[in-house]
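Spelled out, the chains give:
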Amino acid sequence: MGKILRINMGSEGGPTIVEEPLGNYAGLGGRGLTSAIVSKEVPPQCHPLSAENKLVIAPGLLSGTAGAMSGRLSVGCKSPLTGTIKEANSGGQPSQVLARLGYAAIVLEGKPKTDDLYKVIIKNDGVKIEKDNSLKMLPNYDLVERMKSQYGDKIACISIGPAGEMRLAAASVACTDTELRPTRHAGRGGVGAVMGSKQVKVIVLDDTGTKVRQPKDPEKFKDANKRFVEGLQKHPVTGQGLPAYGTNVLTNIINEAGAYPTYNFKQGNFAGASKISGETLAELEVKRGGVATHGCHRGCVIRCSGIFHDKDGKYLTKQPEYETVWAHGGNCGIDDLDAIAMIDFWDDNYGLDTIEMGATIAVAMEAGLAKFGDANAAIQLIHEVGKGTYLGKILGSGAAVTAKVFGIERAPVVKGQSMPAYDPRAVQGIGVTYATSTMGADHTAGYAIASNILKIGGHVDPLSPEGQIELSRNLQIATAAIDSTGMCLFIAFALLDQPETFQALIDMLNAFYGLNLTADSVTELGKSILKMEREFNMKAGFTKEHDRLPRYFYTEPIAPHNVVFKVKDEDLDKVFNW
Amino acid sequence: MIFDSLSWQEGVEFKVRVGCSVRDFLTKHLEIPNDFIENRIAIIFLDGSPVDDIDRAIIKNGSCIAMSSQMPGLVGAAMTRKGLISPLRTSISYDVKKEDTKEEVGIVKVKLFNTLIKELGQVLQSKANAN
Ligand code: SF4
């Protein structure tokens, strides 16, 4: 995995391909690599859809190895949704396949001078880029079927749907799963719009003839991987809760706590929560012949995903995640799993971020475009986006734009990106991360909760403002570091309680690369990534005043606990003082 | 009457003597062993507030008690009883009030979530039916 594939889409006479060694980027992977390339090579003031922006697609440091959980892919660029640097993360097969093909990153640069659409085919024996205008405006599922018929079923695809081609700020980059379906998405921040601006519809990957990446010390790596897997399997969250119910296991809990944003963040409880919970979803999936425990890529041992069948027992979509079920469910007042699954399918097919679209539809409902709870109207609004009507283009630009167009005050966004499924008034600690993340309101930092990196319990009093700030800082550091390994963030639940599982992860990295990393080196890696990202954002014009929640979170109490967000601005400003 | 997963998620009613602590309610009325409470029931809500001290939180007539195993994520982990980061949700935590200690016969709603539906549902079923 020692080379970078650069494709200049703007070269005279058509796109050109260059392969080069990692050079100064050696030792970086995943988010570490995407953020390094973007911060070094992209002018921070550039327009995100201009030729100056670059789309960087990078597997993690351990992707393509026999290491469990290592198949996450990072997609980075300057975001058209937030204007900040962006790393969006996806599961699916492409990360493993790309790493086995020997690439640490694909960098799409420049911009074609014509309106032609291209496909890139990467095999063990070389890279080809071809014009293919017959793919224009194909939804992701149809596109992947077309690629399958042309290149066989041993491929993995990275693609955009119509939303990406239309350069909508909520557009995602799709990755195919183990069944070769485009169900996994680098969703956040409009990375699909940047791929659309490069006019690359799909990257087809075929690793036939390649081998699993070999560690420097195979015995030590095997042993560390075994300990790592055992640690994940014995932990109640990664060994039981997530495999049985997926992330949607959180619906009942967050709802019971009064922290479940409902009706566009108006209240913290949703009466229909049990009808759309992970428990109900898993039961329905099994009853209809779907699957309630499934990995999004080969090598995942937690398997938090599943397969959702419709009422007739036919495949409809993958198991929607907690954030999707919340965004299109409770936040829009919809308590119908079939409708939520249908919207999830169309989000995937058009290539849209489910969190951004759910938040946007809730804003549209508040604006009177549809009634809260009207599932059919919600599905129609998604079709407006897919068809690219004027209304659809507004909605596809996200919650902030939609709120502005329709004169709605309550836009739950930070730096232009929608907040995820936890109300920061009920759980103030998460609000600190929403406000200060380099990516806009982001939920993933809330998953990297590993005490070893966080130094919680003895080091910090989470009740004090300093404690909340330090916890958020350390969460963001841990997230950035894990996102660089290619590991799924959900491993962090086991790392929280089991220091030996955290050590096993570090041992895997050391055995693979012949290094002597410690927990402190992991922290340093995370810090250096955040530092690069912060510097990029500052040069792009972001100041501490952008690290705030929307004002109404400070003034409008949320029921049932009737609380407001109370963390002071001066405390928020301390998150990055290290 | 058979209570399915949805019934447990929405809550099953028990007629019991209230005015006791959450621990007494769980161990004496529902007969859940203490080691199960300590090892498997990571999260307990009383009337929508996460509880840390189950010996001091008092059940009253009309209370709703919800129970869950350990949950993922910052917010999930913050809900844990006396967890490392439970102070993150102090503004919604259960606040012990003195006037809640009146002993009487009353109705308590019990909600079970996730793995606890399978682990406790059947055992509690007979107690709910015996009401
Ligand atoms: S735990 Fe879930 S999200 Fe993570 S790799 Fe496995 S299936 Fe994908």
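Worth saying up front: this structure is predicted, and the values here are computed from it rather than measured.

So, on to the confidence of the model for chain A. For chain A, per-residue confidence averages 93 on the pLDDT scale, and 96% of positions sit at 70 or higher. Low confidence marks residues 449-460 of chain A, where pLDDT is under 50. Its contacts with residues over four positions away, or in another chain, come to 38 contacts.

Residues and elements named next belong to chain B. Secondary-structure assignment places Arg81 in the loop between α4 (73-78) and β5 (104-112). The class of Arg81 is buried, set by a relative accessible area of 13%. For the pair Arg81 and Asn34, spaced 47 residues apart in sequence, the C-alpha to C-alpha distance is 14 Å. Residues within four places of Arg81 in sequence aside, it is in contact with Ile37, Glu38, Ile41, Ala42, Ile44, Val51, Asp52, Ile54 and Arg89. Only 2.8 Å separates the side chain of Arg81 from the backbone oxygen of Ile41, close enough to count as a polar contact.

Side-chain pairing between opposite charges can occur once the charged atoms of the two side chains come close. Residue and element names in this part refer to chain A. Scanning all chains against the criterion turns up 47 salt bridges over all chains. Close ionic contact of Arg31 with Glu533 constitutes a salt bridge, the shortest N to O distance being 2.8 Å. Taken together, the positions of Arg31 in helix α1 (residues 30-41) and Glu533 in helix α21 (residues 519-539) put the pair 502 residues apart, joining distant regions of the chain. Given the relative accessible area of 0%, Glu533 is considered buried. A single salt-bridge network, built from bridges that share partners, covers Arg6, Glu20, Glu41, Lys54 and Glu109.

Turning next to the site of the ligand. Looking at the ligand, the residues that line it are A:Met69, A:Arg72, A:His294, A:Gly295, A:Cys296, A:His297, A:Cys300, A:Ile302, A:Arg303, A:Cys304, A:Cys488 and A:Phe490. Among the residues forming the shell around the ligand, the class breakdown is 7 nonpolar, 3 polar and 2 charged.

Turning our eyes to something else, we now look at the interface of chain B and chain A. Taken together, the contact pairs 34 residues of chain B with 41 residues of chain A. Together, the buried faces of chain B and chain A total about 3200 Å²; carbon and sulfur atoms form 71% of this surface. Three residues stand out in chain B for area buried against chain A, namely B:Pro72, B:Leu74 and B:Leu88, and they jointly supply 20% of the buried area on that side. Here A:Glu256 and B:Lys111 are joined by a salt bridge, their closest N and O atoms 2.9 Å apart. Among the elements of the structure, α1 (5-10), β2 (43-46), β4 (64-68), α4 and α5 (115-129) of chain B are those that each provide at least two residues to the side of chain B that touches chain A.

What follows concerns the state of the cysteines. Residue and element names in this part refer to chain A. Enumeration over the complete set of coordinates arrives at 0 disulfides over all chains. Cys77 takes part in no disulfide bond, and the closest cysteine sulfur, belonging to Cys46, lies 9.4 Å away. Using a relative accessible area of 0% as the deciding quantity, one classes Cys77 as buried. Looking at the unpaired Cys175, the closest cysteine sulfur is the one in Cys296, lying at 9.4 Å.

As a further point, take the nonpolar core. Residues A:Leu33, A:Leu549 and B:Met79 are the most contacted members of the largest nonpolar core, which totals 116 residues. Sequence-distant contacts of B:Met79, that is, excluding residues within four places in its chain, are made with A:Ile253, A:Ala257, A:Val427, B:Ile43, B:Phe45, B:Pro50, B:Arg89 and B:Ile92. Grouped together as the second largest cluster of nonpolar side chains are 34 residues, A:Cys300, A:Met487, A:Leu495 and A:Ala511 included.

Residue and element names in this part refer to chain A. Taking burial as the measure, the 7 residues of strand β12 (residues 200-206) include 7 buried ones, the bulk of the element. As paired strands, strand β7 (residues 118-123) and β12 are joined by 6 bridges and run parallel to one another. Across the sheet, Lys119 pairs through a bridge with Val202, a residue of β12. Pairing between strand β9 (residues 156-159) and β12: 4 bridges, direction antiparallel. Across the sheet, residue Cys157 finds its bridge partner in β12, namely Val204.

The rules behind each value
- Residues numbered from 1 in each chain as written.
- Chains lettered and ligands numbered in written order.
- Predicted model: local features only at pLDDT ≥ 70, side-chain atom pairs only at ≥ 80, totals over all residues.
- Heavy atoms only, no water.
- pLDDT = per-residue confidence, 0-100.
- Contact = heavy atoms within 4.5 Å.
- Helix = DSSP H or I, 4+ residues; strand = E, 2+ residues; numbered from the N terminus.
- Buried < 20%, exposed > 50% of the residue type's maximum accessible area, 1.4 Å probe, protein only.
- Polar contact = N/O pair within 3.5 Å; in protein donor to acceptor, adjacent residues only side chain to side chain.
- Salt bridge = Lys/Arg side-chain N within 4 Å of Asp/Glu carboxyl O.
- Near = heavy atom within 4 Å.
- Nonpolar A, V, L, I, M, F, W, Y, C, P; charged D, E, K, R; others polar.
- Buried area = accessible area lost by both parts, 1.4 Å probe.
- Disulfide = S-S within 2.5 Å.
- Core = buried A, V, L, I, M, F, W, Y, C linked by side-chain atoms within 4.5 Å.
- Pairing = 2+ DSSP bridges.

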